[in-house]
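Close look at the chain arrangement
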Amino acid sequence: MARGKLRIYLGAAPGVGKTYAMLSEAHRRVERGTDCVVAFVEHHDRPRTEVMLRGLEQVPRRELEYRGGVFPEMDLDAVLARRPRVALVDELAHTNVPGSRNAKRWQDVEELLAAGIDVVSTVNIQHLESLGDVVESITGVRQQETVPDEVVRRADQVELVDMSPEALRRRMAHGNIYQPDKVDAALSNYFRPGNLTALRELALLWVADRVDAHLTRYRSEHRVSRIWGSRERIVVGLTGGPEGRTLIRRAARLAEKGAGGEVLAVYIARSDGLTSASPKELALQRTLAEDLGGTFHHVVGDDIPAALLSFARGVNATQIVLGSSRRKTWQYVFGPGVGATVARESGPDLDVHIVTHGEVAKGRGLPVARGARLGRSRRVWGWITGVAGPPVLTALLSTVDLGLANDMLLFLALTVAAALLGGLLPALASAAVGSLLLNYFYTPPLHRWTIADPKNIVAIVIFVAVGAAVASVVDLAARRTHQAARLRAESEILSFLAGNVLRGETGLEELLERVRETFGMESAALLERESDVEPWTCAGRVGQGRPVERPDQADVDMPVGDHMALALTGRVLPAEDRRVLAAFAAQAAVVLDRRRLREEADRARALAEGNRIRTALLAAVSHDLRTPLAGIKAAVSSLRSEDVEWSEEDRAELLEGIEEGADRLDHLVGNLLDMSRLQTGTVTPLIREIDLDEVAPMALGGVPEGSVELDVPESLPMVEVDPGLLERAMANLVENAVKYGPPGVPVLVAASALADRVEVRVADRGPGVPDTAKDRIFEPFQRYGDAPRGAGVGLGLAVARGFAEAMGGTLNAEDTPGGGLTMVLTLRAAGTRPGALPLAEPERQVS
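In short, a report on the structure. (Residues numbered from 1 in each chain as written. Predicted model: local features only at pLDDT ≥ 70, side-chain atom pairs only at ≥ 80, totals over all residues. Heavy atoms only, no water.)

Regarding its fold elements, the chain presents 24 helices and 24 strands. A burial count over the chain gives 46% of its 847 residues as buried. Across the chain, the fraction of contacts at a sequence separation of at least 24, relative to all contacts at a separation of at least 6, is 72%. Carbon and sulfur atoms provide 55% of the accessible area of the chain, an area that totals close to 41,700 Å². (Helix = DSSP H or I, 4+ residues; strand = E, 2+ residues; numbered from the N terminus. Buried < 20%, exposed > 50% of the residue type's maximum accessible area, 1.4 Å probe, protein only. Contact = heavy atoms within 4.5 Å. Areas by Shrake-Rupley, 256 points an atom, 1.4 Å probe, with all protein chains shown as cover.)

Here we come to helix α5 (residues 132–139). What α5 keeps buried is the set G132, V135 and T139. Down the axis, α5 shows its buried residues gathered within 65 degrees of arc, on one side only. For α5, exposure combined with an orientation more than 90 degrees from the buried face picks out D133 and S137. Following α5 by one or two positions, G140 adopts a phi angle in the positive range, close to 80 degrees. (Arc of directions from axis to C-beta.)

Pairing of strand β19 (residues 708–711) with strand β21 (residues 747–754), which is carried by 4 bridges, proceeds in the parallel orientation. Looking at β21, one finds that D711 is bridged to A750. In this sheet, strand β22 (residues 757–763) lies alongside β21 in antiparallel orientation, the contact comprising 7 bridges. Its bridge partner lying in β22, L754 is registered against R757. Remark: 2 residues form the turn of the hairpin made by β21 and β22, two consecutive strands paired antiparallel; A755 in that turn has positive phi of roughly 55 degrees. (Pairing = 2+ DSSP bridges.)

Further remarks concern the nonpolar core. Residues L88, L92, I125, V147, V152 and W206 are the most contacted members of the largest nonpolar core, which totals 59 residues. With 6 residues, the single largest contributor to this core is helix α9 (residues 193–221). Counting 44 residues, the second-largest nonpolar core is a separate cluster that includes V719, V721, L733 and L821. (Core = buried A, V, L, I, M, F, W, Y, C linked by side-chain atoms within 4.5 Å.)

What follows covers the side chain of R233. For R233, the location among the structural elements is in strand β9 (residues 233–238). Among the residues examined, R233 registers a relative accessible area of 5% and is labelled buried. There is a polar contact of 3.1 Å between the side chain of R233 and the side chain of E262. (Polar contact = N/O pair within 3.5 Å; in protein donor to acceptor, adjacent residues only side chain to side chain.)

One open sheet holds the 5 strands; their spatial order is β11-β10-β9-β12-β13, and the pairing between them is parallel. With one partner strand each, in any of the chains shown, β11 (295–300) and β13 (351–355) form the two edges of the open sheet. For this sheet, the mean angle separating the axes of adjacent strands, direction not counted, is 25 degrees. In this structure, β9 lies alongside strand β10 (residues 262–269), joined through 6 bridges in parallel fashion. Residue pairing across strands places R233 opposite E262, the latter belonging to β10. Sheet contacts for helix α10 (residues 244–256): β9, β10, β12 (319–323) and β13; angle to β9, the most-contacted strand, approximately 175 degrees. (Axes fitted to C-alpha atoms, helices over the stretch in contact; angles between N-to-C directions.)

What follows covers the pattern of salt bridges. Under the counting rule described, the total for this entry stands at 25 salt bridges. Between R7 and E159 there is a salt bridge, with its nearest N and O atoms 2.5 Å apart. Pair noted here: R7 is in strand β1 (residues 6–11) and E159 is in strand β8 (residues 157–161), with a separation of 152 residues, a long-range link. Take R7: its relative accessible area is 12%, and that puts it in the buried class. For E159, a relative accessible area of 29% corresponds to the partly exposed category. Of the charged contacts, one joins E759 and R757 as a salt bridge, the two residues approaching to 4.0 Å between their closest N and O atoms. Both residues of the pair, E759 and R757, count as buried. (Salt bridge = Lys/Arg side-chain N within 4 Å of Asp/Glu carboxyl O.)

Right, let's talk about the pairing of strand β16 (residues 556–559) for a bit. Residues V556 and M558 line the buried face of β16, whereas the alternating positions D557 and P559 sit on a face that is not buried. Note: β16 against strand β17 (residues 564–569), 4 bridges, orientation antiparallel. Each bridged residue has a counterpart across the sheet, and for M558 the counterpart in β17 is L566.

Sheet strands associate in pairs through backbone hydrogen bonding, adopting either a parallel or an antiparallel arrangement. Strand order across the open sheet formed by 4 strands is β15-β14-β17-β16, with antiparallel pairing between neighbours. Looking at which strands have only one partner, the edges of the open sheet turn out to be β15 (537–543) and β16. Put simply, the sheet's adjacent strands are angled 15 degrees from each other on average, direction ignored. Strand direction decides the pairing type here: strand β14 (residues 523–528) and β17, joined by 6 bridges, are antiparallel. Looking at the pairing, A525 lines up with A567 of β17. Those strands touched by helix α18 (residues 508–518) are β14, β15 and β17, and its axis lies near 55 degrees from that of β15.

So, about helix α7 (residues 165–173). Listing the buried residues of α7 in full gives P165, A167, L168 and M172. Viewed end-on, α7 has its buried residues packed into an arc of 165 degrees, placing them on one side of the element. G175 occupies a position one or two residues after α7 and carries a positive phi of about 80 degrees.

This part takes up the packing of helix α14 (residues 376–397) against helix α16 (residues 424–442). Where α14 contacts α16, the axes come no closer than 7 Å and their chain directions differ by 20 degrees. Viewed along their axes, α14 and α16 adopt a mutual orientation that is roughly parallel. Pair α14 / α16 crosses with right-handed handedness. Contacts between α14 and α16 involve G382, W383, G386, V387, P390, P391, T394 and L397 on the former and, on the latter, L425, P426, A429, S430, V433, G434, L437, F441 and Y442. Tallied by class, residues from the contact of α14 with α16 come to 12 nonpolar, 5 polar and no charged. (Parallel < 35°, antiparallel > 145°, perpendicular 65-115°, else oblique. Left-handed = near helix turned anticlockwise from the far one by under 90°. Nonpolar A, V, L, I, M, F, W, Y, C, P; charged D, E, K, R; others polar.)

What follows is about the packing of helix α15 (residues 404–422) against α16. With their axes 7 Å apart at the nearest point, α15 and α16 run at an angle of 160 degrees to one another. Taken together, α15 and α16 sit at an angle that is classed as roughly antiparallel. The hand of the α15/α16 crossing is right-handed. Of α16, the residues touching α15 (which contributes L404, D407, M408, F411, L414, T415, A418, A419 and G422) are L424, P426, A427, S430, A431, G434, L437, L438 and Y442.

This paragraph deals with unusual backbone geometry. As a rule of thumb, non-glycine residues mostly have phi less than zero, and peptide bonds are mostly trans rather than cis. Located in the positive-phi region is R83, a residue other than glycine, with phi close to 50 degrees. Note on placement: R83 falls in the loop between α3 (76–82) and β6 (86–89). Phi angles above zero are rare outside glycine, and E91 is one such case at about 60 degrees. E91 sits in the buried class, given a relative accessible area of 0%.

Here it is as structure tokens:
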């Protein structure tokens, strides 16, 4: 069965109109006769969205009971049984109610696609898993409901639903997104212009990158070599000289002038040793390129102009920035140079900028090596000199008589010239032809192939031997030069690889991408298996080439140990390249082992933290529980003593001491048990809707009367919490505030509604807490300042935060205006989907 197609409407923020656009597309398909149904769409009581649902078939929802409530969810089985051609599924990142077949809605969508049903869905940019940290830094809210990026990237079509921040705020102000009583709070918090602008930029950049990836894949599949100037990509050719920093800055300025400009700095290590790059200078240029928003690339190429143009066309670049040549004037006799060659061969679709700099015409740091191997043109001229040169020289010598010795020296010079130009074989040919001509035209008897004088025989033999020796020396020197230059190029790559390790760039995918880029391959993958009989598995893969499941399916495979291999596709590498590839493969194995060791270290750290908590717990029990127990035992022993006659006042005082000690024990043991439950993850909140004014008064039972001022308006919306956990959390907050507040100044407990959440603020007028310690006071067994041991084991705030997070809320500390500390407890308002933080799933509020 063919897999269904997935279409996603992507938005930057709630309210841009994703659901409305999805429903409009559904109406268009129904008008064309497509069998289209609504599997799950939320209109959030918005009239315009609700109207769009009319005329569309809706699959009845499945209602699930959870924690005393009933929640509607998409009936996956009903949709599969209905088997429409297209199904509309809103909110791709939604978390299903416990009891559903799948934990996430995107997993339901995967089942629909596997059944051959096309799906149209919606998602906001903040729900992409890889952007969680970025979104949190922008909005201050950590998104709990996310969808893996790969799910969205695999979509057959992603359509951006865009709206300017100003227009979106106008929609909000007109009441088209939230209810009127929530508009002001939303505009001043999540829907601030800065938040919306940043989220919009994220969405635009994400879609642009996806379009760029599709364009690159299309060009690769259709073998398009011509550059398509979809956006400005500027390639900076670096030689490793000090002028590279000037070129990078100039390219960055050029990129800023065009929308979406991108800078790619590339250093090409030529195997013939044409360039002599300083590793330190390359490191500086790499850092500069990355600081300016560009990327740095290291490529091996025998022909620098061809390699540079190939790289530029491969990345669909539009411009190349090169520096003016550092060669001196006399050095131009060896060729026009890289810049002139690139400019001549770039073609009409690739602009080349030659930038002047302070190093022009100052020469290179080291002499320029002329060639690792003799090029084609030199070999041709060598053969012309070796074969045609002797007859031409014979014709010239026929007009003048210089004597046999001088004639042989001239022929020897011609053989040496052939050796210098073409190497061994042209020189041997020159020696052979020259010896025959010398024998025929200049050695008596003339015009015969015989030699009368034995001395002349020795002279010709020496002539041939000298020619062969010179030719072999030239050929050997060329080979040694090639080997030395290639080793230098390899050492540069290995040095660069070692530098990556020292800089901490040890990501497996980044390393595989570097391998693929360096050797010009289509894809690179690291395969491994547990034993010889186990199948191969892929530990990491990059590139667009065909997937490789076994090393023998790759064009190049490099074993790493007995059960690991680096597999490349694209072309067959020469044997001399495998030495560097082996270093990359070994480093990839080290990176993989390091990543696994890091994961094990994280698990060990978690175990160590648990041991630390248990040790602190035992220390707390040994001291803080002993004091009230000792007080209770002393009071009870005194009351039971028959030797002392206690008055009623004394008996009442002893009984009060027993009661206070028991209350203190109850509080300490309760916090210890609660902390143990939080550490082991066994806290399971029983969420239900309740009025806050039902819970708040009960949380004040442990503090003296008149020490707390309660301000909980009756107009507050209901909250979705566990009443027991909320009471314990608020009680700990109030007791902590009363403990540190000044005598006679009541603690203020106030509640207010803000967008889709309710905030409870417990404010005291105590000494306050500096910003550096605000997070530390929530850690277990922490007492702030000089609190005595008898003040508790330091678990109250830790337990309160743990309970708040277990209910889907947050607890943070702020400064009280005028002095003191305010604990801000944020709770979910009634109607919010379970399991999500406030505003963490705004998709449920917007069409």
